[in-house]
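In case you want the letters, here they are:
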Amino acid sequence: MNEMKSEYPLIDIAIVGVQKAATTSLHRYMASHPDVISHEKHEFAFFVRDEEYVRGYEIAFQEYFKESPTDKKILVKNVGLMYWDDAVIRLHDHNPSMKILVVLRNPVDRAYSAYHYARLMGYETLKTFEEALAAGPSRFTDKLSKGM
C-alpha cells in the first residue's frame, strides 16, 4: 500500500496499548524530547474515529498539533488503535515505515487498576472487584460501543 501524500509530515511514532499501562506517561516523556512534536490532547483519535478520518489528515494535523510542520519526529498516542482492524489498516496506510510502540500490562493488575479507576470516575457502582467481576462486562455494552 502507498504512503499517504500530504503537505504535512507523516507520523513517525505511534504509542498504542492497553488502558492503565502507562501509555500516557510514556507519551509525556517522549513528547518532552526536543526533537519530537506531539499532540496535547489525551488521545490522537484520527485513525480510530471515522468522522475524523474522513475529514483528512491535514485537518487532523492542524487540530492536534500546535507546531507547524518541521523536521522533528511526529509522535501520536491512542490506546484504541490496536483494538479496531480499520484503525490498524489506516495507521499502516498512513506510513508503513512508522515505529509502533505497544505497551501491555499484566492483565490481572490491569483489571484491578481499571476497576479502581472506574470506581473513581463513577462508572462502576459495585463495591468490590469480586462483585464487579462476577457481574460481567455486559453492564457496559452501550458505553463500550460508544468508545467510553
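Now for a look at the structure at hand. Per-chain numbering applies: the sequence of each chain, read as written, is numbered from 1 onward. Restriction of local features to residues with pLDDT of at least 70 applies here, the model being predicted, together with a cutoff of 80 or more for giving and counting side-chain atom pairs; totals for whole chains, interfaces and linings are based on all residues. For the side-chain quantities, the full set of heavy atoms in the structure was used; hydrogens and water were omitted.

## Some points on the sheet that holds strand E1 (residues 13–17)
Then step 1. Strand order in this open sheet of four strands is E2-E3-E1-E4, and the pairing throughout is parallel. Strands with a single pairing partner mark the edges of an open sheet, and in this sheet they are strand E2 (36–38) and strand E4 (99–103). Taken over all neighbouring pairs, the strand axes of this sheet differ in orientation by 25° on average, direction set aside.
Then step 2. Relative to E4, E1 runs parallel, the two sharing five bridges. When the sheet's bridge partners are listed, Val-16 is paired in E4 with Val-102. At least two DSSP bridges between two strands are required for those strands to pair. Helix and strand labels come from DSSP, where a helix needs a run of H or I of at least four residues and a strand needs a run of E of at least two; each type is numbered from the N terminus. Here, axes are lines fitted to C-alpha atoms. For helices the fit covers the stretch in contact, and angles between N-to-C directions go from 0 to 180 degrees.

## Brief notes about the packing of aromatic side chains
Then step 1. When the centres of two rings from Phe, Tyr and Trp lie within 6.5 Å, Trp using its six-membered ring, the rings pair. Their planes under 30 degrees apart give stacked, over 60 give edge-to-face, and anything left gives tilted. Applying the stated rule across the entire model yields 13 aromatic pairs.
Then step 2. Ring geometry for Phe-44 against Tyr-64: centres 4.7 Å apart, planes inclined by 55°, an arrangement best described as tilted. Linking Phe-44 in the loop between E2 and helix H2 (50–53) with Tyr-64 in helix H3 (residues 57–64), this pair joins segments that are 20 residues apart in sequence. There is no split in this pair, since Phe-44 and Tyr-64 are both buried.
Then step 3. Between the aromatic rings of Phe-61 and Phe-65, the centroid separation amounts to 4.6 Å while the plane-to-plane angle is 25°, which identifies the pairing as stacked. Assigned by exposure class, Phe-61 and Phe-65 land together as buried. Any residue under 20% of the maximum accessible area for its type is buried, any over 50% is exposed, and the rest in between are partly exposed; the area is computed with a 1.4 Å probe on protein chains only.

## Quick notes on helix H5 (residues 107–121)
Then step 1. Helix span, as expected, comes to 1.5 Å for every residue beyond the first. Between its first and last C-alpha atoms H5 spans 20 Å; for 15 residues at 1.5 Å apiece the expected length is 21 Å, and the two agree.
Then step 2. The set of residues buried in H5 consists of Ser-113, Tyr-115 and Ala-118.
Then step 3. For H5, the secondary structure elements touched by its buried residues are helix H6 (129–135).
Then step 4. A side-chain oxygen of the first residue of H5 lies 2.8 Å from the backbone nitrogen of Val-108; this N-cap is Asn-106.
Then step 5. Just downstream of H5, Gly-122 is the residue with a positive phi angle, here 90°. Contacts are assigned to residue pairs that have any heavy atoms within 4.5 Å of one another. A 3.5 Å cut-off defines polar contacts: any pair of N or O atoms within that distance qualifies, except that in protein one atom must be a possible hydrogen donor and the other a possible acceptor, and neighbouring residues in sequence count only when both atoms are side-chain atoms.

## Focus on the side chain of Thr-23
Then step 1. Relative to the helices and strands, Thr-23 is located in helix H1 (residues 23–31).
Then step 2. Assessed through its relative accessible area of 4%, Thr-23 is described here as buried.
Then step 3. Here Thr-23 is in contact with Ile-15, Val-16, Gly-17, Val-18, Lys-77, Val-79 and Val-103, once residues within four sequence places are set aside.

## Comments concerning the pattern of salt bridges
Then step 1. One speaks of a salt bridge when a side-chain nitrogen belonging to Lys or Arg is within 4 Å of a carboxyl oxygen belonging to Asp or Glu. Inspection of every chain in the model, using the stated rule, returns four salt bridges.
Then step 2. Here Lys-77 makes a salt bridge to Glu-43, at a shortest N to O gap of 2.6 Å. Within this pair, whereas Lys-77 is found in strand E3 (residues 73–77), its partner Glu-43 is found in the loop between E2 and H2, the two being separated by 34 residues in sequence.
Then step 3. The shortest N-O distance in the salt bridge between Arg-90 and Asp-50 comes to 2.8 Å. Taken together, the residues Arg-90 in helix H4 (residues 85–94) and Asp-50 in helix H2 connect sequence positions 40 residues apart.
Then step 4. A residue is classified by how much of its surface remains accessible, and Arg-90, at 13% relative accessible area, is buried.
Then step 5. Asp-50 gets classed as partly exposed once you look at its relative accessible area, which sits at 45%.

These values are about where atoms sit, not about what they do.
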